[in-house]
Amino acid sequence: MRSNTTCPPYRFQKTTRRCIAIAALAFGICVNATVANAQESSSVFSGDSATAPAPTFGEMASKMNPMNWQMPKFKMPSFSGVMPGQEDKDRIIKKKDSLFSDVGATAKRSWTRTKEVLNPARLNPMNMFAGNASKPVTTETKKPGFFGSLFAQPEPEEKVATVGEFLSQDRIR
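Here the structure is a predicted model, which is why all the values come from computation and not from measurement. (Residues numbered from 1 in each chain as written. Predicted model: local features only at pLDDT ≥ 70, side-chain atom pairs only at ≥ 80, totals over all residues. Heavy atoms only, no water.)

### A closer look at the overall build of the chain
Looking only at helices and strands, one finds 7 helices and 0 strands in the chain. N-terminal to C-terminal, the α/β element order of the chain is α-α-α-α-α-α-α. Taken across its 173 residues, the chain has 2% of its residues classed as buried. Roughly 17,500 Å² of accessible area belongs to the chain as shown, and the carbon and sulfur atoms make up 62% of that amount. (Helix = DSSP H or I, 4+ residues; strand = E, 2+ residues; numbered from the N terminus. Buried < 20%, exposed > 50% of the residue type's maximum accessible area, 1.4 Å probe, protein only. Areas by Shrake-Rupley, 256 points an atom, 1.4 Å probe, with all protein chains shown as cover.)

### Brief notes about the packing of aromatic side chains
Going through the model one piece at a time under the given rule, you end up with 3 aromatic pairs. Relative to F57, the ring of F27 has its centre 5.5 Å away and its plane inclined at 85°; by these criteria the two rings are edge-to-face. Taken as a pair, F27 in helix 1 (residues 9-40) and F57 in helix 3 (residues 57-64) lie far apart in primary sequence, 30 residues in all. Judged by its relative accessible area of 32%, F57 falls in the partly exposed class. Plain terms: the ring middles of F147 and F151 are 6.4 Å apart, the flat faces sit at 10° to each other, and that makes the pair stacked. Here F147 and its partner F151 are both found in helix 6 (residues 146-151), 4 residues apart, which amounts to about one turn of the helix. (Phe/Tyr/Trp six-rings, centres within 6.5 Å; stacked < 30°, edge-to-face > 60°.)

### Quick word on the pattern of salt bridges
Tallied over the entire structure, the rule returns 1 salt bridge. For K96, the salt bridge goes to D97, with nearest N and O atoms at 3.5 Å. (Salt bridge = Lys/Arg side-chain N within 4 Å of Asp/Glu carboxyl O.)

### Thoughts on the confidence of the model for the chain
Atom-level detail of predicted coordinates should not be read off regions where pLDDT is low. For the chain, per-residue confidence averages 75 on the pLDDT scale, and 69% of positions sit at 70 or higher. At the low end of the mean pLDDT range in the chain sits helix 2 (residues 42-45), at 48; at the high end sits helix 4 (residues 86-117), at 89. Across residues 35-39, where pLDDT falls below 50, the model places 1 contact with residues more than four positions away in sequence or in other chains. (pLDDT = per-residue confidence, 0-100. Contact = heavy atoms within 4.5 Å.)

See below:
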């Protein structure tokens, strides 16, 4: 039974040989492509300027070097049709300013009310609910409006029941 902690030495040799073979093959393809392009581009030197000269091996090798790579350049799209116009910007700024002033006023009112409630002079139990007692209590009954009187059910007449009337009712089965 083999242990998984050690690797056989021939495994590294195969990997190294494989890497060397791949590198040599890539180098050979680059050299052959450069030689083939140089032989085909003889018309370039004869005065035909329709085709560009083929890159040399040095140019191809420099393009493969990561130190010579550059970021691609893209033109950013224009968002002028999507962005709001000047009148919309003015409206937004006005709403923002009014929102801040509203928040400030609300905070100021809340703080004032908090100070009033927590005032030590008002914490006297005798004065705790003094604000509520100052309102007069009305005993007037509200009359229903037009639609309230139109759709309201008639008020049942209050019937004074005695113990004898209650006992004389039919039993619920």
